[in-house]
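# Examination of the molecular architecture
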Amino acid sequence: MFAGGLLILLFMILFSIRFFLFDQNITFLKLQRVMSSKPFGYVYDERMLGHECKYDNTMAECPKRMKLIYERLQKDQLLSGALKIEAREADDSEIRLNHPQQLIDEIVSLNSNEKCEEYCKDKEILWTCENTNEAARVAIGGSIELVKAALENKIHNGFAIVRPPGHHSYGKTPQGYCIFNNVVIAAKYAIEKLGVKKVAIVDFDYHAGNGTFKSVKDESRIHFTSFHGHHYGSFWPFSKEYDYATNNPNTLFVPLNGALNSEGDYVSVFHHVLLPMLKQFEPELILISAGFDAGYYDIMMEFGQGVKAHGYGHMARLLDQICPGKTIAILEGGYHPYNYTESASMMVRGLLNHPLPKLTIPTRMSGSLLETLWNILKHHSEWYPALEQRLKQLENQQEALGLPPFVFNQTLFLGAKMRVMYDDVKKNRIVRTREWFPEMSPEQISVCKQKIDEYIKEYDFASDHIDPTTEQLVAQCVWDEASRSDAFMQASPFATCLIQEFNDFMAGKRENMMICDREMYSEAVKAGVLDPHTPITTTFDH
């Protein structure tokens, strides 16, 4: 009788809990996802705050980035019960997994402000300081230790809140704020030292993971994906190499030619392409190059991308479904504090399998990204049967709707002259080392905050997010006159702006263009050490 009474009481309690959760629109499936027998892991070490540019206080990559993210995660109680993994300085042998001793020695030698700035005069978008060596080693060591903790089943997913970032660095070439490539070294350490057979790296930073690509392009055990601004080559790093037509099955590039692609557009590409690829590749570990500068109203505002913060959470959750508990995010970019703190918080919610705001999958993808998607499916279909099948479904839909077939490989490349200019400036050591980007005005900062506040107010935690069906995904890919018009209107303003900036610099109407300084350029041309460059007037004039 007593045992039977306890069972009845237990049943009543469980029923009450179930009713309460139902009333809050939280299903038992969500409750199960929240619970894990292992803690979430994270790395945060204030030694990395010592990496700070002493000769230019306008640098967007600055210590407060990691500090504000850490404080936001604490405020949101996302690190409650989490396991802090102690960082350490990586040793030379670990750094040599991806970089030569020459680069290591160069960074060690930077022991004064003068040496630091002088070192950067033949580098692209790079600053250093006397504490760079220590901070960069801690960023690597922390990333390695977090990966080890996941593979040793001590944690369930994790976030390395580290800096300096790494995804632009390769070989003996530090660039783009990056000293050593944290994510690649962590991936290679997992393979070479921990016995992992396959690693996938997914980079959703707005800037191409060019250093990661250069570091892993010949490594069959690593699958690399990069979503990045391309804008027909008029966006850094100004190279055809980062268009969709990669040379091997283990590299997926999603070049973004248009502005303001949404989180729904990104997640659609996950479902169409990335997730089928990773399911076939079967990684044992996924590393996220977690840059948040594609976030809606980061510092590029209307010329940037339109990924609202909860989109990062949904992308992280989808990757965790491929590698449960073995998905590690490593911080890269993101420069507007209100954006990157909200985005990092939502990404960690996704890695923790906490409830996320509902994400809307668009009924029609943005035109510019849809054009890229068709080309990606065609290019990679020879290696991935699932992509071949999806391409066939889209082609059948075109035919059924009486629409003409999609015309593949109608690409443009506008960045040739920009690339030559950057290379010449570096070769002649006349790189502008300060004030690359204008600081945002108080009015611009206010606009960004307002835009982000507006979508935060619209978060819907009450409704379950349901992954799109095949039918929904196929239907969003109709390529018709409306799609073509959308692709043009979405892509042309920013590409035109970038070309105009270059041409204005050539005409002497701009004092600088990122690393290019008008006065130093003019003096080099006058002295005969640099041939004069010409403006971009057509894609065929270089």
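These remarks concern the structure in this document. Note that the coordinates shown come from a computational prediction; the quantities given were computed from them, not determined experimentally.

### Regarding the pattern of salt bridges
Taken as a whole and assessed by the stated rule, the structure comprises 29 salt bridges. For Asp122, the salt bridge identified is with Lys123, shortest N-O distance 2.6 Å. Judged by its relative accessible area of 12%, Lys123 falls in the buried class. For the salt bridge of Lys449 with Asp453, the shortest nitrogen-to-oxygen distance reads 3.0 Å. Separated by four residues within a single helix, Lys449 and Asp453 lie in helix α16 (residues 442-457), roughly one turn from each other.

### Describing unusual backbone geometry
Residues Arg163 and Pro164 are joined by a peptide bond in cis, for which omega reads 5 degrees. Structurally, Pro164 can be placed in the loop between β3 (158-160) and α8 (182-194). For the bond from Trp236 to Pro237, the omega torsion is 15 degrees, close enough to zero to count as cis. Here Pro237 lies in the loop between β5 (222-229) and β6 (251-256). Despite not being glycine, Glu282 shows a phi value in the positive range, around 60 degrees. Position of Glu282 among the secondary structure elements: in the loop between α10 (263-281) and β7 (285-290). One non-glycine residue, Asn409, adopts positive backbone phi at about 60 degrees.

### Quick notes on α16
Residues three or four positions apart in an α-helix share a direction because the helix packs 3.6 residues into each turn. For α16, built from 16 residues, the straight-helix expectation of 22 Å at 1.5 Å per residue is met to within 8% by its first-to-last C-alpha distance of 22 Å. Restricting attention to buried positions, one finds in α16 the residues Cys448, Ile452, Asp453 and Tyr455. Summarising the axial view, the buried residues of α16 lie within an arc of 170 degrees, below the 170-degree limit, and thus occupy one face. Seen from the open side of α16, the exposed residues pointing more than 90 degrees away from its buried face are Pro442, Glu443 and Lys457. Contacts made by the buried residues of α16 are with α11 (309-322) and α12 (337-352).

Thresholds applied
- Residues numbered from 1 in each chain as written.
- Predicted model: local features only at pLDDT ≥ 70, side-chain atom pairs only at ≥ 80, totals over all residues.
- Heavy atoms only, no water.
- Salt bridge = Lys/Arg side-chain N within 4 Å of Asp/Glu carboxyl O.
- Buried < 20%, exposed > 50% of the residue type's maximum accessible area, 1.4 Å probe, protein only.
- Helix = DSSP H or I, 4+ residues; strand = E, 2+ residues; numbered from the N terminus.
- Expected span 1.5 Å × (residues − 1).
- Arc of directions from axis to C-beta.
- Contact = heavy atoms within 4.5 Å.

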